[in-house]
Amino acid sequence: MELTITNLKKQFKDKTAVDDVSLSLTPGVWGLLGANGAGKTTLMRMIADILNPTSGKILYDGKDIHTMGEAYRNLFGFLPQDFGFFQDFTVKDYLEYVAALKDVPARETKKKIDSLLDTLTLSNVKSKKIVKLSGGMKRRVGIAQAMLNDPKILIMDEPTAGLDPGERVRFRNFISEFSHGRIVLISTHIVSDIEYISTQNAIMKAGKILDVGTTDELVKQVVGKVWTCMVPADKMPMYEMQLRIINQRSEGDNQVSIRYLAEEAKTSDSVMAPPRLEDLYLWLFPQEETSEEGK
Ligand SMILES: Nc1ncnc2c1ncn2[C@@H]1O[C@H](COP(=O)(O)OP(=O)(O)OP(=O)(O)O)[C@@H](O)[C@H]1O
């Protein structure tokens, strides 16, 4: 199974949101990383066949997705970033409605919904109206609707936004298990949410794919550029000005341990640290703050 994206472009008036993207998606979890406005949502909407490319092609096992119509939609699940719910529906009614739209066979609907509600810990709110749910619960209902038809291709735009730490861990495990034999593409700002489950990552900047690789392959770019050291707390303002600090933790005794990015050690006691995907992200997107909620 393969989704082949070739020279894909989307032009909005004078803005090129997706600029000549070529990418071959194979089964596994794909992390799509990029700063705000990089073009992730636009790319995902074209893959979901709800936005027409200006030029370029998307082929599913050699067939143009535009010509596949219903057949493509049947093997597809999509969680958009802005999810317009039917707020007055109960969770169960809403999922039944989506299941009918997606042609899930009636005899399988109840079992499928119950199983998703259970996995996404929504069983005890299934009779509640969606309008009454918390943000994280609504997001999980969104994830459930995307998965109702057991999709072979699952595209999720920021699925972990609003999930609490426990929910994120469950989400990661669930997606990791689900991805066998399927293509799962996830965009997120929360790098740690995909770093350990992604088979491959694609890094997007200004409409282009900068790099594609496993987490281990990609982080090689910042080997030798991530450092840790201890500094006196009262010197922190100076270090904050001079260094690209990724993390800091007060260690008591007026000491702060810091993790920073630099071509070479900037203090005599700095120790080189093994890089993480977040380090690479910050190296590539220096102005971008990563949201590490839930950590
Ligand atoms: N319908 C549209 N009309 C005009 N410009 C658009 C439209 N949709 C997106 N853009 C622009 O295209 C660029 C890419 O936007 P897109 O939403 O794809 O980025 P993103 O990587 O998903 O960002 P975010 O993480 O903030 O959602 C942005 O500059 C955005 O303003």
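Residues numbered from 1 in each chain as written. Predicted model: local features only at pLDDT ≥ 70, side-chain atom pairs only at ≥ 80, totals over all residues.

Colleague: Hey, could you go over the site of the ligand for me, with residue numbers and the actual values?
Modeller: Phe-12, Lys-15, Ala-17, Gly-34, Asn-36, Gly-37, Ala-38, Gly-39, Lys-40, Thr-41, Thr-42 and Gln-81 make up every residue found near the ligand. Listed by contribution, the elements that provide at least two residues to the shell around the ligand are strand E2 (15-25) and helix H1 (40-47). At 3 residues, the largest contribution of residues to the shell around the ligand is made by H1. Grouping the constituent residues of the shell around the ligand by class yields 3 nonpolar, 7 polar and 2 charged. (Near = placed C-beta within 6 Å. Helix = DSSP H or I, 4+ residues; strand = E, 2+ residues; numbered from the N terminus. Nonpolar A, V, L, I, M, F, W, Y, C, P; charged D, E, K, R; others polar.)

Colleague: Tell me about the confidence of the model for the protein chain, and name the residues and values.
Modeller: Considering every residue of the protein chain, the mean pLDDT works out to 92; 96% of them sit at 70 or more. Across the protein chain, strand E1 (residues 3-12) holds the top mean pLDDT of 98, while helix H8 (residues 192-195) sits lowest at 88. Below a pLDDT of 50 lies the segment residues 289-295, which in the model reaches 14 contacts outside its immediate sequence neighbourhood of four places, other chains included. Predicted complex, confidence summary: ipTM 0.96, pTM 0.90. (pLDDT = per-residue confidence, 0-100. Contact = placed C-beta atoms within 7 Å.)

Colleague: Run through the sheet that holds strand E13 (residues 255-261), naming residues and quoting values.
Modeller: Spatial strand order, E12-E13-E11-E14: 4 strands in an open sheet with antiparallel pairing. At either margin of the open sheet sits one strand with a lone partner, and together these are strand E12 (244-250) and strand E14 (271-272). Examined bridge by bridge, E12 and E13 share 6 bridges and lie antiparallel to one another. Bridge pairing links Asn-247 to Arg-259 in E13. Of the strands in this sheet, strand E11 (226-232), E12 and E13 are in contact with helix H11 (residues 277-284), which crosses E13 at around 65°. (Pairing = 2+ DSSP bridges. Axes fitted to C-alpha atoms, helices over the stretch in contact; angles between N-to-C directions.)

Colleague: Account for the sheet that holds strand E9 (residues 200-205), with residues named and values stated.
Modeller: Taken together, the 6 strands give an open sheet; going across it, the order is E6-E7-E8-E3-E9-E10, and neighbouring strands pair in mixed fashion. The strands lining the two open edges of the sheet, one partner per strand, are strand E6 (76-79) and strand E10 (208-213). Looking at each pair of strands side by side, their axes are set apart by 15° on average, direction ignored. Sheet topology places E9 next to E10; 5 bridges connect them, and they run antiparallel. Of the residues in E10, the one forming a bridge with Met-204 is Ile-209. Across the face of the sheet, H1 comes into contact with strand E3 (28-34), strand E7 (153-157), strand E8 (183-187) and E9 while running at roughly 150° to E7.

Colleague: Lay out the pairing of E2 with the relevant residues and their values.
Modeller: Of the strand pairs in this sheet, E1 and E2 are connected by 7 bridges, and their pairing is antiparallel. Among the inter-strand pairings, Leu-8 is bridged to a residue of E2, identified as Val-21. Linking E1 to E2, which pair antiparallel, is a turn of 2 residues; within it Lys-13 sits at a positive phi near 45°.

Colleague: Could you give me a rundown of H11, with the residues and numbers involved?
Modeller: Residues spaced three or four apart along an α-helix point in a common direction, a consequence of the helix completing one turn every 3.6 residues. Of all 8 residues in H11, 6 are buried; the element is thus mostly enclosed. Within the sequence span of H11, burial applies to Leu-277, Glu-278, Asp-279, Leu-280, Tyr-281 and Leu-282. (Buried ≥ 20, exposed ≤ 12 C-beta atoms within 10 Å, placed from the backbone.)

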